Amino acid sequence: MLEFSGLTKAFGNHKAVNNITLTIPQGQMVGVIGRSGAGKSTLLRMINRLAAPTEGQIRFDGRDVSALKGRDLLAWRSECAMVFQQFNLVGRMSVINNVLMGRIFHHSFATAMLQAFSAEERALAIRALDRLGMAHTALQRAETLSGGQMQRVAIARALVQRPKVMLADEPIASLDPLNAKVVMDALRRINQEDGITVLANLHTLDTARTYCDRIVGLMSGAVVFDGTPDQLTDRQAREIYGAEADDAFSEGVTSTMLTPRAQAADTFDSAA
Amino acid sequence: MSSHHLATPAFVIEPGQDPVTIFEKHRAELQRSRLFMNIAMAVLFALLLAVSIYVSKFYPDRLWAGLPRIFEYFGTVMPNLEADNLFAARQANGKAVPGSILYWYSDLGKYLQLLFETVLMAITATMLGAAIAFLLSFPAARNLAPLRWINVLARRTTEVLRGVPEIIIALLLVFALGIGPLAGVLAIAIHTAGALGKLFSEVNENASMRPVEGLRSVGGTWWDEMRFGIVPQVLPNFVSYSLLRFEINVRSSSIVGFVGAGGIGQELNHTISFYNDDRVMAVLILIVLLVTVIDLISERLRTHLVGRENLI
């Protein structure tokens, strides 16, 4: 269980994340939505401490992870995997070694520097790649892959961490509709089969509706919506995205999905 | 290049096959082919090392035998200072007391003037060389050159410019232009243009092409692409490399004087050739001090400038 209490991140006078209190049970798939600059990335990056909270606490299974230091912090990061918008792979390294980086926390300095991974670890990495249909690229350099393939390799890297939580910061924002679907399907499958909590920042409403158990809407760093996709009404969506009442607001316009849910699109079109 | 065949990293997994087994098989193949290349390279390296040790006679016993003679030389150029007279003032007749610092550094005025000249030479040469390098670096970058032959021409130019040691260029220029700092400045500038041209062009090759495409998409010329797509990206690195080169050029400009190309080197050569006494040491100490001070200032300037540039 992941709990935020009074979580705040200030950059100077500006509060990117303002006093967020939330509880996320283990195994839930949560979509975080909001305009750019609403604090979605900052919220996610505070969880694995790529950004340090200014105030408040993050607890995981009762343990305060916002106060961890040194080796404990690294251990937490290894349990709490992250997938990035720009994939953040090492382009000049082979796909398999990129994935094996997910095991690096469990290595000593020497075995890490020498890339001395065991046959079991290699098998784990290949099975993770195979789950995402990428095993055949294992010996290529990561930079030879397309964007969608790179993101799948990045998810494989996250998987071999054997994480309890997976953070996905705009995982499909740089991908075409087909690859977006492949990546979102993979995240959903991992969530359901492995029971890993998934927190994904999504810039399209219909993706969040289709894939997530729960949607959290952020505006100016504060939670303005927290509920199931069904509970998110047109009015609330408008509020989250700050659309003026007169402006046309269509989920279809922001969609990167192959088959936007016709019903939802209809609702918004008639409202506009 | 060897025509040795490396196992291809791409492989296919048929449905129903175990991915781990297939992967391990291909990994083993790839490693075998790499092992052969690595062993071949290691043998070649060991061979070349052995030959170069033999040719240069880099043997420890020779080194040990020669070591005392280095100190022997320094013995002859050590100043003859006397504790009692160390800070003695000039005598009534205007002459300095032997054994005093004043006596040792009686030519200090001349030295300082020459040191100043040395620094000015380095500044001028660096500015001149960096300007030429800047212009050459865009056609010399593989990703930026508008035409293949222009790229080849620019690269060969930088190679020729840095290929000849500056002391040799200085020698030729002294013969052509006469004794004085002009020959030294030009010699160092030519070498700097070649060396910085190479470094600058490599910085350009690592620059992102996205802004360049952006400029092309709005109808910009090649010049617009370079000026606005590349220069803002690479400028901090250019400044950093230029300042580093300036430090190197201060050292160079205190050497080229040996062949009559101006600066403190001329005086060092003079003292070594004509006196071979404590004046050699006096000049050497000043050169070391100058280079150290310049290095310290330049390093501060570099972090300051690059730090600020990165914010823009």
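Bear in mind the structure is a predicted one, so any value in this text is a computation, not a measurement.

**With respect to the sheet that holds strand E7 (residues 165-169) of chain A**
All names here are of chain A. With respect to topology, 6 strands assemble into an open sheet ordered E6-E7-E8-E3-E9-E10, the strand pairing being mixed. Each edge of the sheet is formed by a strand with only one pairing partner; in this case those strands are strand E6 (80-83) and strand E10 (222-227). Ignoring strand direction, the axes of neighbouring strands in this sheet form an average angle of 20°. Contacts from helix H6 (residues 147-160) reach E6 and E7, with the element oriented near 175° to E6.

**Points about unusual backbone geometry**
All names here are of chain A. The backbone of Asp61 sits at a positive phi, close to 50°, despite the residue not being glycine. Looking at where Asp61 falls in the secondary structure, it is placed in the loop between strand E4 (55-60) and strand E5 (63-64). A positive phi angle is found at Glu170, which is not glycine, with a value near 50°. When you line up the elements, Glu170 lands in the loop between E7 and helix H7 (177-194).

**Details of the pattern of salt bridges**
Residue and element names in this part refer to chain A. Tallied over the full model, the rule gives 20 salt bridges over all chains. With a shortest N-O distance of 3.0 Å, Arg131 and Asp194 are connected by a salt bridge. Placement of the pair is Arg131 in helix H5 (residues 119-131) and Asp194 in helix H7, with a sequence separation of 63 residues. Judged by its relative accessible area of 30%, Arg131 is partly exposed. A relative accessible area of 36% places Asp194 in the partly exposed class.

**Some details on helix H1 (residues 19-56) of chain B**
Across its 38 residues, H1 of chain B extends 54 Å between first and last C-alpha, which sits within 8% of the 56 Å expected from 1.5 Å per residue. Those residues of H1 of chain B hidden inside the fold are in contact with helix H3 (95-100) and H5 of chain A. Trailing H1 of chain B by a residue or two, Lys57 of chain B shows a phi angle of about 50°, which is positive.

**A few points about the packing of helix H4 (residues 108-140) of chain B against helix H9 (residues 222-253) of chain B**
Residue and element names in this part refer to chain B. Where H4 meets H9, the closest approach of the two axes is 8 Å, and the angle between their N-to-C directions is 150°. Considered as vectors, H4 and H9 are oriented roughly antiparallel to each other. Handedness of the H4/H9 crossing: right-handed. Every residue of H9 that contacts H4 at Thr118, Val119, Met121, Ala122, Ile123, Ala125, Thr126, Ala130, Phe134, Ser137, Phe138 and Pro139 is listed here: Trp222, Met226, Ile230, Val231, Phe238, Ser242, Phe246, Asn249, Val250 and Ser253. Here the residues of the contact of H4 with H9 are counted per class, giving 16 nonpolar, 6 polar and no charged.

**Some words on the confidence of the model for chain B**
Residues and elements named next belong to chain B. Chain-level pLDDT for chain B is 87 on average; 95% of the residues reach the 70-or-more range. Contacts from residues 1-6, a stretch scored under 50 in pLDDT, to residues over four places away or in other chains number 7 contacts. Here the predicted complex carries an ipTM of 0.70, next to a pTM of 0.72.

**Considering the pairing of E6 of chain A**
Residue and element names in this part refer to chain A. Here E6 shows no split at all, with Cys80 and Met82 on one side and Ala81 and Val83 on the other all buried. Across 4 bridges, the pairing between E6 and E7 is parallel. The residue of E7 that forms the bridge with Val83 is Ala168.

Cut-offs and rules
- Residues numbered from 1 in each chain as written.
- Chains lettered and ligands numbered in written order.
- Predicted model: local features only at pLDDT ≥ 70, side-chain atom pairs only at ≥ 80, totals over all residues.
- Heavy atoms only, no water.
- Pairing = 2+ DSSP bridges.
- Helix = DSSP H or I, 4+ residues; strand = E, 2+ residues; numbered from the N terminus.
- Axes fitted to C-alpha atoms, helices over the stretch in contact; angles between N-to-C directions.
- Contact = heavy atoms within 4.5 Å.
- Salt bridge = Lys/Arg side-chain N within 4 Å of Asp/Glu carboxyl O.
- Buried < 20%, exposed > 50% of the residue type's maximum accessible area, 1.4 Å probe, protein only.
- Expected span 1.5 Å × (residues − 1).
- Parallel < 35°, antiparallel > 145°, perpendicular 65-115°, else oblique.
- Left-handed = near helix turned anticlockwise from the far one by under 90°.
- Nonpolar A, V, L, I, M, F, W, Y, C, P; charged D, E, K, R; others polar.
- pLDDT = per-residue confidence, 0-100.

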